[in-house]
Amino acid sequence: MGVPLVCHGHSRPVVDVSYSPVTPDGFFLISASKDSNPMLRNGETGDWIGTFEGHKGAVWSCSLDKHAMRAASASADFTAKIWNALTGDELHSFEHKHIVRACAFSEDTHLLLTGGMEKILRIFDMNRPDAPPKEVGNSPGSIRTVEWLHSDNTILSSCTDTGDIRLWDIRSDKIVQTLETKFPVTSAEVSQDGRYITTADGSSVKFWDANNFGLLKSYEMPCNVESASLEPKLGNTFIAGGEDMWVHRFDFQTGEEIGCNKGHHGPVHCVRYSPGGESYTSGSEDGTVRIWEVVGSVNHEEKESEQSGNVKLVAEEVVRKAESLRIRGEMFALSKVVRRSQSLRLGACNAVYYSKLEIPLVERNGSVESNALIHDKHEAFSSSYELPWSYSTGRRSLSSDAGARSSGEEDGLQSEEELSCDEAEIDGAELELLSEAGKTQGSKRSSELFKAIVSVSGLSVASALDKWVEEGKEINRTEIANAMLQLRRRRMYGRALQLAEWLEEHKQYEWEERDYASRLDLIAKVRGLYKGELYVERIPESFRGELVYRTLLANYASTSNVRKAEAVFNKMKDLGFPRTSYACDQMLMLYKRVDKKKIADVLSMMEKENLKPTLYTYKILIDAKGATNDISGMEEIVETMKSEGVEVDLRAKSIVARHYASAGLKEKAEKVLKEMEGESLMANRYVWKDLLSIYGFLQRADEVSRIWKICEANNPFYKESLAAILAFGKINKVKEAEAVFKKSVKMGHRVSSGMYSVLLRVYVDHKMVSEGKDLVKRMVDSGCNIGALTWDALIRLYVEAGEVEKADASLSKATQLKQIKPLMSSFMYVMDEYARKGDVHNTEKIFQWMRQSGYHSRFRQFQSLIQAYVNAKAPAYGMKDRMKADNVFPNRGLAILLANADPFKKTPLSDLLD
């Protein structure tokens, strides 16, 4: 019944989930786990918003008030806490004398109800949190669940060790009704309209009248269930989950099972419908929260039209499949190369009848929606000297936006010489947003306004701008565009956003669509895409055009949010915007990272829309083919470029040369490199850093030295120095690499963390442990911020030195830092070492850390995890289900590895015993 949106992050079982009502900002989902860290998510998308940190024991229950402004949690650390759901701050902690198992906000949000092992119900006044709580009666057992009903005049509670539901009148502090059950009630829910109470006990789900307390329906489940929930709008279905690890969906009127969701690999502890009933959530022993989309509905009043409706659905399905076949059959030439079905030739295809071609929404799998960095298989060519993509913290940030720092501001302002000499370092979308009728794009002149902005302390840009105006200096579009370009080139997105906000507030000139789009892009980068979505709604409708949505699409694509990117891509079509090559290129770039099979679908759609592939399109396809080692396919695309009159520029040649080198085709790689040099190497300075990098990989010491001598004679740029250090390291000339580092210091530039990181990587590659440790100490003493690349090199250094415990400790410390996100390779170094030793416990630990950091389960992680079980000669129970749940399917090698860890594998001896 559909693929769920898998929400990773918890490291221990999820024991409670709760939705907020629908608010102006949407609706939200909070989850409680034994890992002591409740998590807040967007209720519709499952996007992580933040984690409430402060409990010192398992969190058993959680709740949001009706405005989703405050959250409550009940914990085994003898406290119930109130949190600010916007900032994540702890507002108050209510001390108890024993474990707190349940909590719930009153309907008016002024009261908090708690219960637990003390057998006492307590009501805390949110307006007077320091006042003693009101205590209601004495429960016959430890309290398991609590709920409010009857306009906050009645309390519902159940016990962990005795059956029945008890209803308390808070005015008299007495039990006014008991709803009898055979087993302890593990779940109780009051419907949105207050008419029904849904309970789960043992293997039965019961529905009670919330007004006269009569039993309305009772259904036996296929297994013992822990939780049940009634559909909130129509009340025609309900869901239940329990020990069989499945989420079952039933018809409320008949009790007939109408659906079953499989995916968890542990008992399901909690289930809840979303407030609109369009989806439901489950939490499990496996530590995941899964959001399931409702497929189909039950309406007994429309039985008569069911047959005709089925006929219509069948007809639509036939049309859809036929259309799909036509699309697949008429793939234009690039699609054929991608699919490897025919030789590549571009040309027209026959007309096809279709009403609207949309990219289908991807399967809801968190593994492809993560913000994780996608690592290329060719580690030698990883851009280790480049700043990693910034990543948003989610829909609502639980940290203050005001102090947000962009990655480019870690090491202060770089000098002009340290910057690359071309604008290709900036995303194409950013340059387009900055262009002033073609004048600004590519501008390199210094901006006086930029200097004024960066001269102020901290990140307060408004003061610099106010002073600029007071001095009578002009603020025009050209000056602003130049300043914005300089800020973006240095990735000072925080300051750039403040500049845009000041401009929109002070109305220095009439804003156009590109101005709104530019601010949207900056909001998405600094404050997250959820804030960006909200800003889109504030943009005047007349300016909410294709460029605005294109910008939103680009940001979703850059963060690998497939579902959102596809939704925006389709919405642009629905709004009547023509398909553009730029939008299609964004989808191609996205699919290149997460789902290469869909590249051909985009290409097919481009042909139907008469969109000719751009140079950028070809570069994406070249890189996609090269990354999969399909060299012949890559060469066919290059030939097609030439036949179509598209120039193979230097960047495209660089991509081709890298893939030739990675494939071991040395002669072809060197031939392309010579083409890149051209007749005059001085005229093509842009390629110097690429030449250094690739010649280093090819072990061409003579060429590396030649290119570097030219760089030295021409005041080397920052990235040229970085590339030279790595190249000399590759050809085993560590002394020369150190000399480049020292030269950068002598040039008077502030040596950034990137410079330290690449030299540290050289030390790591050559197992120079003492030199590496000295360099890290020197880096700290110099005041450089240690970023993800430095942590990565340091962790690998410890692993190479055989000090895996220190590597583990360093990784743990890096994951706790809010300013950075450790690279995936950092986790894999430690995980692979534990796997090699057969240390299953620590391998599983790193596996969970990766989930919490946003690196959702992929092939490589499972490969290392299964290897740990094999080396430990331990059975890997449920591993196949875990892989299937995360949409990871084994190749032949992994299948063999998995078979070796299969606890139920057959052997000749087991056959005899059977």
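Residues numbered from 1 in each chain as written. Predicted model: local features only at pLDDT ≥ 70, side-chain atom pairs only at ≥ 80, totals over all residues. Heavy atoms only, no water.

An unreviewed UniProt entry lists the chain under the name Serine-threonine kinase receptor-associated protein, with Brassica campestris as the source organism. Regarding the chain, the relevant UniProt record gives this comment under Subcellular location (unreviewed entry): "Mitochondrion". (UniProt positions renumbered as here; feature names shortened; annotations may be inferred.)

Asks: Describe the packing of helix H19 (residues 688-697) against helix H20 (residues 701-712), and please don't skip the residues or the numbers.
Replies: H20 packs onto H19 with a crossing angle of 160° between their chain directions and a minimal axis gap of 9 Å. On the basis of the axis angle, H19 is roughly antiparallel to H20. Crossing of H19 over H20 shows left-handed handedness. Here Trp688, Leu691, Leu692, Tyr695 and Gly696 of H19 lie close against H20, whose contacting residues are Glu703, Val704, Arg706, Ile707, Trp708, Ile710 and Cys711. By residue class, the composition of the contact of H19 with H20 is nine nonpolar, one polar and two charged. (Axes fitted to C-alpha atoms, helices over the stretch in contact; angles between N-to-C directions. Helix = DSSP H or I, 4+ residues; strand = E, 2+ residues; numbered from the N terminus. Parallel < 35°, antiparallel > 145°, perpendicular 65-115°, else oblique. Left-handed = near helix turned anticlockwise from the far one by under 90°. Contact = heavy atoms within 4.5 Å. Nonpolar A, V, L, I, M, F, W, Y, C, P; charged D, E, K, R; others polar.)

Asks: Give a description of the sheet that holds strand E27 (residues 279-284) that names residues and reports values.
Replies: Read across the sheet, four strands follow the order E1-E28-E27-E26 without closing on themselves; strand pairing throughout is antiparallel. The sheet is open, and its two borders are formed by strand E1 (5-7) and strand E26 (268-273), each paired with just one other strand. The mean inter-strand angle of the sheet, taken between neighbouring strand axes irrespective of direction, is 20°. Two strands pair when backbone bridges link them, and E26 and E27 are joined in this way by five bridges, in the antiparallel orientation. When the sheet's bridge partners are listed, Tyr273 is paired in E27 with Tyr280. (Pairing = 2+ DSSP bridges.)

Asks: A description of the packing of aromatic side chains should follow, citing residues and the corresponding values.
Replies: All told, the structure shown has 15 aromatic pairs when counted by the stated rule. Between Tyr273 and Tyr280, the ring centres sit 5.4 Å apart and the planes meet at 70°, which makes this aromatic pair edge-to-face. Side by side, Tyr273 and Tyr280 carry an identical accessibility label, which is buried. An aromatic cluster of three or more residues is present, and its members are Tyr196, Phe207, Tyr219, Phe238, Phe250 and Phe252. Here Arg101 stacks its cationic end above the ring of Trp60, 4.1 Å away from the centre of that ring. Between the NZ or CZ atom of Arg882 and the centre of the ring of Phe847, over which it lies, the distance is 5.4 Å. (Phe/Tyr/Trp six-rings, centres within 6.5 Å; stacked < 30°, edge-to-face > 60°. Buried < 20%, exposed > 50% of the residue type's maximum accessible area, 1.4 Å probe, protein only. Lys NZ or Arg CZ within 6 Å of the ring centre and 35° of its normal.)

Asks: I'd like to hear about helix H11 (residues 546-558), residue by residue, with values.
Replies: Taking 1.5 Å per residue as the helical rise, H11 with its 13 residues ought to reach 18 Å, and the 18 Å between its terminal C-alpha atoms agrees with that figure. Among the 13 residues that make up H11, 12 are buried, leaving the element largely enclosed by the rest of the structure. For H11, every residue scored as buried is listed here: Glu546, Leu547, Val548, Tyr549, Arg550, Thr551, Leu552, Leu553, Ala554, Asn555, Tyr556 and Ala557. Within two residues after H11, Ser560 carries a phi angle of roughly 60°, on the positive side. (Expected span 1.5 Å × (residues − 1).)

Asks: Break down the UniProt feature "repeat: WD" (unreviewed entry) in the chain for me, with residues and values.
Replies: Residues annotated by UniProt as "repeat: WD" (unreviewed entry) correspond here to residues 52-93 and 261-294. Each end of residues 261-294 is marked by a C-alpha atom, and these two atoms are 11 Å apart; helix forms 0% of the span and strand 56%.

Asks: Talk me through the side chain of His264; I want residue IDs and the actual numbers.
Replies: Examined against the element boundaries, His264 turns out to sit in the loop between strand E25 (257-262) and E26. In this structure the side chain of His264 is engaged in a polar contact, spanning 3.4 Å, whose partner is the side chain of Thr288. Looking at His264, its side chain comes within polar contact range of the side chain of Arg290, at 3.3 Å. Excluding its chain neighbours within four sequence positions, the residues that come into contact with His264 are Met245, Val247, Ser282, Gly283, Ser284, Asp286, Thr288, Arg290 and Trp292. (Polar contact = N/O pair within 3.5 Å; in protein donor to acceptor, adjacent residues only side chain to side chain.)

Asks: Any details on unusual backbone geometry? Residues and values, ideally.
Replies: Outside of glycine, negative phi angles account for most residues, and trans bonds account for most peptide bonds. The backbone of Phe213 shows a phi angle near 65°, a positive value even though the residue is not glycine. Classification of Phe213 as buried rests on a relative accessible area of 15%. Even without being a glycine, Asn732 presents a positive backbone phi close to 65°. Residue placement: Asn732 occurs in the loop between helix H21 (718-730) and helix H22 (734-746). You can call Asn732 exposed: its relative accessible area is 54%.

Asks: Explain the UniProt feature "repeat: PPR" (unreviewed entry) in the chain to me, and be specific about the residues and the numbers.
Replies: Mapped onto this numbering, the UniProt entry gives "repeat: PPR" (unreviewed entry) at residues 545-579 and 752-786. Secondary structure across residues 545-579 comprises 74% helix and 0% strand; the distance between its end C-alpha atoms is 13 Å.

Asks: Describe in detail the nonpolar core, supporting the description with residues and values.
Replies: Counting 158 residues, the largest nonpolar core has Leu499, Leu692, Ile725, Val830, Ile846 and Met879 as the members making the most contacts within it. What Met879 contacts, discounting residues up to four positions off in sequence, is Phe862, Leu865, Ile866, Tyr869 and Leu898. Core analysis: the second largest hydrophobic core is formed by 15 residues, Phe28, Ile30, Leu64 and Ala68 among them. (Core = buried A, V, L, I, M, F, W, Y, C linked by side-chain atoms within 4.5 Å.)

Asks: Give me the packing of H11 against helix H13 (residues 581-594): which residues, what numbers.
Replies: Where H11 contacts H13, the two axes come as close as 9 Å, and the packing angle between them is 10°. If you check the angle between H11 and H13, you find them roughly parallel. Residues Arg550, Leu553, Ala554, Ala557 and Ser558 of H11 form the contact with H13, whose participating residues are Tyr582, Ala583, Gln586, Met587, Leu590 and Arg593. Across the contact of H11 with H13, the residue classes tally to seven nonpolar, two polar and two charged.

Asks: Which residues make up the environment of Asp585, and what are the values?
Replies: Structurally, the position occupied by Asp585 is in helix H13. Residue class for Asp585 comes out buried when judged on its relative accessible area of 3%. As for Asp585 and Lys619, which are separated by 34 residues in sequence, their C-alpha atoms are 9.9 Å apart.

Asks: Pulling in residues and values, what's your account of the confidence of the model for the chain?
Replies: Across the chain, pLDDT averages 79, with 81% of residues at or above 70. Long-range and interchain partners of residues 297-333, a stretch whose pLDDT sits below 50, account for 39 contacts in this model, where long-range means more than four residues apart. Low pLDDT, under 50, characterises residues 435-444; the stretch is placed with 19 contacts to residues that sit more than four places away or in other chains. (pLDDT = per-residue confidence, 0-100.)

Asks: Provide a residue-level description of helix H28 (residues 840-852), including the pertinent values.
Replies: The end-to-end C-alpha distance of H28 is 19 Å, a good match for the 18 Å that 13 residues give at a rise of 1.5 Å each. Counting buried positions along H28 gives 10 out of 13 residues, so the element sits mostly inside the fold. Those residues of H28 lying buried are Val840, Asn842, Thr843, Glu844, Ile846, Phe847, Gln848, Trp849, Met850 and Arg851. Looking at the residues trailing H28, positive phi occurs at Gly854, about 100°.

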